[in-house]
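Residues per chain, in single letters:
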Number of protein chains: 2
Amino acid sequence: MHPTSTPSNLSLPPMKDLTTENITENVHIVNSQCRDPRLRYLLNRIVSHLHDFCLETRLSTEEWNTGIQFLTEIGQISDDLRHEMILLSDTLGVSSLVDSINHPRQPPATEGTVLGPFHTHDAADMDHGSVLHSDPDATPLFVLASVKDTRGNPISDVKVDVWEGDSKGFYDVQNPNREGPDGRGVLRSDENGEFYFQAIVPVPYPIPMDGPVGKMLKALGRHPNRPGHVHFMLDKPGWDILITALYPRGDPYETSDPVFGVKESLVVDLSTVEDEEMAKKYGVKIGTKLLRHDFVLLTEQEARELRKRNAIEAMEKQGRKVVFHDGLPVPADE
Amino acid sequence: MHPTSTPSNLSLPPMKDLTTENITENVHIVNSQCRDPRLRYLLNRIVSHLHDFCLETRLSTEEWNTGIQFLTEIGQISDDLRHEMILLSDTLGVSSLVDSINHPRQPPATEGTVLGPFHTHDAADMDHGSVLHSDPDATPLFVLASVKDTRGNPISDVKVDVWEGDSKGFYDVQNPNREGPDGRGVLRSDENGEFYFQAIVPVPYPIPMDGPVGKMLKALGRHPNRPGHVHFMLDKPGWDILITALYPRGDPYETSDPVFGVKESLVVDLSTVEDEEMAKKYGVKIGTKLLRHDFVLLTEQEARELRKRNAIEAMEKQGRKVVFHDGLPVPADE
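Residues numbered from 1 in each chain as written. Chains lettered and ligands numbered in written order. Predicted model: local features only at pLDDT ≥ 70, side-chain atom pairs only at ≥ 80, totals over all residues. Heavy atoms only, no water.

Some thoughts on the nonpolar core
Part 1: Counting residues in each nonpolar core, the largest one holds 33 residues, and the members touching the most others are Cys54 and Leu59 of chain A together with Leu88, Leu92, Met216 and Phe260 of chain B.
Part 2: It is helix H2 (residues 37-57) of chain A that contributes the most residues to this core, 5 residues altogether.
Part 3: Formed by 32 residues, the second largest nonpolar core is a distinct cluster that contains Leu42 and Leu87 of chain A together with Phe53 and Ile68 of chain B. (Core = buried A, V, L, I, M, F, W, Y, C linked by side-chain atoms within 4.5 Å. Buried < 20%, exposed > 50% of the residue type's maximum accessible area, 1.4 Å probe, protein only. Helix = DSSP H or I, 4+ residues; strand = E, 2+ residues; numbered from the N terminus.)

Structure below.
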């Protein structure tokens with residue numbers, strides 16, 4: 001025989017005779033050997049939900065096989081550039097939910113949304129007023145924005161990472177001949193918390209449909225088109241990082257985003273640069289499309305307290321008292 | 001723009017402003033476009049369970065990332081010979097549960113268990129009394145078995161596929177120099193429902209620990225060793241296929257099988273061939289280890305009725321009335 005360990009763990013309560021009714025409890029017994037209370041709790045919930053899913057649906061062997069194959073193919077099509085498992089998480093609303101759990105916001109703080117697969121780390125620093133895109137076919141959009149705290153005080157020196165697709169709905173990384181970043185840049189908010197640049201009016205674009213997730217969406221009768229948006233990531237030490245996007249109102253896919261990124265507070269009305277003084281001050285033409293927005297950040301401390309309060313509430317909903325392990329909740333009664 | 005479909009589905013109820021509290025309902029709204037009622041029900045339950053898991057645990061972004069990476073690696077290590085996603089399902093008790101849902105048994109029918117990854121389709125037909133293994137180091141085990149219906153009538157001409165590892169705990173397919181099947185064969189039950197062959201006393205062996213699932217088991221403090229067993233697959237048109245295994249009593253891993261395959265009714269007591277007449281009849285030596293077992297099959301009809309009854313019960317537990325779609329349950333109220 002070639003067992004790789006001695007049966008040293010057999011002091012745990014032995015499994016009982018396995019039946020459809022008690023197998024869940026038996027898996028919990030075996031996993032209760034885990035010494036990390038957070039991992040133990042995660043596994044307990046994963047196993048309960050997986051088993052309840054099978055029991056509620058009476059999952060057939062054929063369906064189980066299809067699911068195993070589907071998940072395996074998602075891994076197999078993935079590489080450093082393609083993240084199909086993230087796309088699955090996105091299209092099931094999990095990414096959006098995890099973001100909102102980890103970056104809870106209460107008014108007036110700006111809501112976050114999904115990062116998406118198109119953020120890169122090679123965007124160049126750019127000056128205020130710079131042109132983000134080289135696309136000659138796009139409709140220019142002047143973005144004039146500010147960053148404030150929840151009391152309305154400006155926050156200076158916030159690193160603002162912005163990125164968006166071109167007038168055809170493609171990001172630069174989707175261009176096989178990409179030579180460098182286009183449609184992306186990094187600014188810093190000034191002493192008034194302001195930053196501004198020349199973007200383009202964003203257009204809708206489809207998420208990749210040539211893999212297993214695309215097959216799933218087709219089977220579900222869902223379309224792949226994200227409403228047009230401009231991505232923003234606002235970061236400064238001491239402040240809760242804000243990953244978000246702004247969606248110009250009126251997009252045909254505004255109410256059916258396949259990755260559940262749209263939130264009402266992130267849908268914005270575009271206007272037009274009409275004021276001579278503004279045009280002169282920022283070096284833009286009268287008549288240019290205008291997006292004005294004030295971002296509001298929470299401090300790390302504010303975000304941490306909100307997360308903690310939400311975690312306690314969620315645990316109480318399950319009828320459990322909570323303790324925190326490395327800042328994350330575990331039931332006190334285990 | 002390059003959206004791949006027109007917004008023809010936008011007659012569906014628009015999503016409401018997404019929050020942590022309502023995103024689950026919003027994902028359900030989008031998936032409600034699915035025309036297949038069974039797939040619609042499966043997705044509804046998958047999404048609810050995934051979201052509840054995130055909400056109950058307040059899943060951190062880092063943990064989410066770890067999970068995405070873990071599942072991706074499972075696909076990437078898998079190929080035609082290695083089925084890591086099945087191993088994950090096995091080690092979380094899902095495979096065992098799905099088997100018991102799909103092949104429900106009530107006494108006196110023999111219980112099923114996990115197929116495992118070592119079944120092949122190249123086993124040769126063999127005569128009763130044949131020797132299964134060429135392993136010279138193994139302890140011989142004479143298996144004398146029968147197949148009956150629930151009333152005790154013998155069932156003849158059942159295809160009996162048997163397979164087991166060698167005295168070191170390795171299956172033939174784990175030998176990189178494998179030239180053909182060893183430790184496996186296919187018999188047919190005779191007119192008395194009997195079949196018999198010479199196997200070896202099975203020994204424990206570890207499941208593969210060199211992949212992501214192995215890492216998970218280590219993190220959970222779980223050992224990888226399956227208690228020794230002999231696999232049986234009994235199949236005949238009109239009868240519910242029985243995939244099972246028998247586990248000689250007293251194995252050190254009997255109560256902590258990493259894939260949750262052991263059931264009390266499948267743990268068997270070995271005896272010894274002591275009867276001269278038996279030794280002569282079957283051509284085995286006095287003193288040979290003996291495994292006697294009577295397998296009891298359900299008809300397909302009996303299994304179908306049991307599955308249906310269990311499905312109705314499970315749906316009623318959720319407070320739902322059930323209708324059947326291609327033999328599988330969906331809620332009547334959707």
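A closer look at the packing of aromatic side chains
Part 1: Tallied over the entire structure, the rule returns 20 aromatic pairs over all chains.
Part 2: Arranged with centres 6.5 Å apart and planes meeting at 55°, the rings of Phe195 of chain B and Phe232 of chain B form a pair that is tilted. With a gap of 37 residues between them, Phe195 of chain B in strand S4 (residues 194-200) and Phe232 of chain B in strand S7 (residues 230-235) connect regions that are remote in the sequence. Both residues of the pair, Phe195 of chain B and Phe232 of chain B, count as buried.
Part 3: Taking 4.5 Å as the distance between ring centres and 70° as the angle between the ring planes, the aromatic pair formed by Tyr196 of chain B and Tyr282 of chain B counts as edge-to-face. Of this pair, Tyr196 of chain B sits in strand S4 while Tyr282 of chain B sits in helix H7 (residues 276-282); the two residues are 86 residues apart in sequence, bridging distant segments of the chain.
Part 4: The exposure class of Tyr196 of chain B is buried, given its relative accessible area of 17%.
Part 5: Following the ring pairs from residue to residue traces out a cluster consisting of Phe195, Phe197, Phe232 and Phe295 of chain A.
Part 6: Stacked on the ring of Phe324 of chain A, the Lys or Arg Lys308 of chain A has its end atom at 5.0 Å from the ring centre. (Phe/Tyr/Trp six-rings, centres within 6.5 Å; stacked < 30°, edge-to-face > 60°. Lys NZ or Arg CZ within 6 Å of the ring centre and 35° of its normal.)

A closer look at the interface of chain A and chain B
Part 1: In this complex, chain A contributes 97 residues to the contact, which on the side of chain B involves 97 residues.
Part 2: Summing both partners gives a buried area of about 8,800 Å² for chain A against chain B, and 67% of it is carried by carbon and sulfur.
Part 3: Seen at the junction of chain A and chain B, the total is 4 salt bridges.
Part 4: Measuring nitrogen to oxygen at the nearest pair gives 2.7 Å for the salt bridge that ties Arg38 of chain A to Glu63 of chain B.
Part 5: The interface formed by chain A and chain B contains 31 residue pairs in polar contact (both at pLDDT 80 or more).
Part 6: Looking at the side of chain A that touches chain B, the elements with two or more residues in it are helix H1 (23-31), H2, helix H3 (61-77), helix H4 (84-91), helix H5 (94-102), strand S5 (205-206), helix H8 (300-317) and strand S13 (328-331) of chain A.
Part 7: At 17 residues, H2 of chain A tops the list of elements feeding residues into the side of chain A that touches chain B.
Part 8: In terms of residue class, the side of chain A that touches chain B is made up of 49 nonpolar, 35 polar and 13 charged. (Contact = heavy atoms within 4.5 Å. Buried area = accessible area lost by both parts, 1.4 Å probe. Salt bridge = Lys/Arg side-chain N within 4 Å of Asp/Glu carboxyl O. Polar contact = N/O pair within 3.5 Å; in protein donor to acceptor, adjacent residues only side chain to side chain. Nonpolar A, V, L, I, M, F, W, Y, C, P; charged D, E, K, R; others polar.)

Considering the layout of surface pockets
Part 1: Reported here for the second largest pocket is a volume of approximately 1,400 Å³.
Part 2: Lining of the second largest pocket is provided by 44 residues; of these, Ile86, Leu115, Gly116 and Pro117 of chain A together with Trp64 of chain B occupy positions nearest its centre.
Part 3: Elements with a minimum of two residues in the lining of the second largest pocket: H4, H5, H8 and S13 of chain A together with helix H3 (61-77) of chain B.
Part 4: In terms of residues, the lining of the second largest pocket owes the most to one element, H5 of chain A, which gives 5 residues. (1 Å grid on protein atoms, 1.4 Å probe; cavity = no way out; pocket = protein on both sides within 12 Å on 5 of 7 lines; lining within 4 Å. Points joined across faces, edges and corners; volume = space filled by probe spheres on them.)

Remarks on the sheet that holds S4 of chain B
Across a sheet, paired strands are connected by hydrogen bonds in the backbone, their directions being either parallel or antiparallel.
Residues and elements named next belong to chain B.
Part 1: Read from one edge of the open sheet, 4 strands run S4-S1-S11-S10, paired in mixed fashion. In this open sheet, the two strands that pair with only one neighbour each are S4 and strand S10 (271-272).
Part 2: Bridge analysis of strand S1 (residues 140-148) against S4 gives 7 bridges, and the strand direction is antiparallel. Across the sheet, residue Phe142 finds its bridge partner in S4, namely Gln198. (Pairing = 2+ DSSP bridges.)

Structural notes on unusual backbone geometry
Part 1: Look at the link from Pro107 of chain A to Pro108 of chain A: it is a cis peptide, with omega at 5°.
Part 2: Its location among the elements puts Pro108 of chain A in the loop between H5 and strand S1 (140-148).
Part 3: At Asp157 of chain B, a position not held by glycine, the phi torsion is positive, near 60°.
Part 4: Within the secondary structure layout, Asp157 of chain B lies in the loop between S1 and strand S2 (159-163).
Part 5: On the basis of relative accessibility, which here comes to 42%, the residue Asp157 of chain B falls in the partly exposed class.

Observations concerning the relation of the copies chain A and chain B
Part 1: For the pair chain A and chain B, the superposition axis carries a translation of 0.0 Å, the fit reaches an RMSD of 0.0 Å, and the rotation angle comes to 180°. Taken together, the rotation and translation relating the two chain copies correspond to the operation of a two-fold axis. Looking at the rotation axis and the C-alpha trace of chain A, the residue lying nearest is Gly75 of chain A, at 2.0 Å.
Part 2: The share of interface residues of chain A whose copies in chain B are also at the interface is 100%, consistent with both copies meeting through the same surface. (Least-squares fit on C-alpha atoms with pLDDT ≥ 70 in both.)

Observations regarding the state of the cysteines
A covalent bond between the sulfur atoms of two cysteines is referred to as a disulfide.
Part 1: Per the counting criterion, the structure on display carries 0 disulfides over all chains.
Part 2: Cys34 of chain B carries a free sulfur, and the closest cysteine sulfur to it, the one in Cys54 of chain A, is 19 Å from it.
Part 3: Note on Cys54 of chain B: no disulfide assigned, nearest cysteine sulfur contributed by Cys54 of chain A at a separation of 18 Å. (Disulfide = S-S within 2.5 Å.)

A short note on the UniProt feature "domain: Catechol dioxygenase N-terminal" (unreviewed entry) in chain A
Part 1: What UniProt calls "domain: Catechol dioxygenase N-terminal" (unreviewed entry) maps, in this numbering, to residues 36-107 of chain A.
Part 2: Helix makes up 76% of residues 36-107 of chain A and strand 0%, whereas the separation of the span's terminal C-alpha atoms amounts to 36 Å. (UniProt positions renumbered as here; feature names shortened; annotations may be inferred.)

Let's talk about the sheet that holds strand S3 (residues 184-188) of chain A
Residue and element names in this part refer to chain A.
Part 1: Spatial strand order, S3-S2-S7-S8-S9: 5 strands in an open sheet with mixed pairing. Looking at the sheet topology across the chains shown, the edges are occupied by S3 and strand S9 (267-268).
Part 2: Across 5 bridges, the pairing between strand S2 (residues 159-163) and strand S7 (residues 230-235) is antiparallel. Each residue of the ladder has a partner; that of Lys159, found in S7, is Asp235.

Some words on the side chain of Asp251 of chain B
Residues and elements named next belong to chain B.
Part 1: Within the fold, Asp251 resides in the loop between strand S8 (242-248) and strand S9 (267-268).
Part 2: Among buried Asp, Glu, Lys and Arg side chains, Asp251 stands out as unpaired, with Arg226 the closest opposite charge at 9.4 Å.
Part 3: Only 2.9 Å separates the side chain of Asp251 from the backbone nitrogen of Gly228, close enough to count as a polar contact.
Part 4: Here Tyr253 takes part through its backbone nitrogen, which lies 2.8 Å from a polar atom of the side chain of Asp251.
Part 5: Residues in contact with Asp251, not counting those within four places in the same chain, are Pro204, Pro227 and Gly228. (Lys, Arg positive; Asp, Glu negative; His and termini not counted.)

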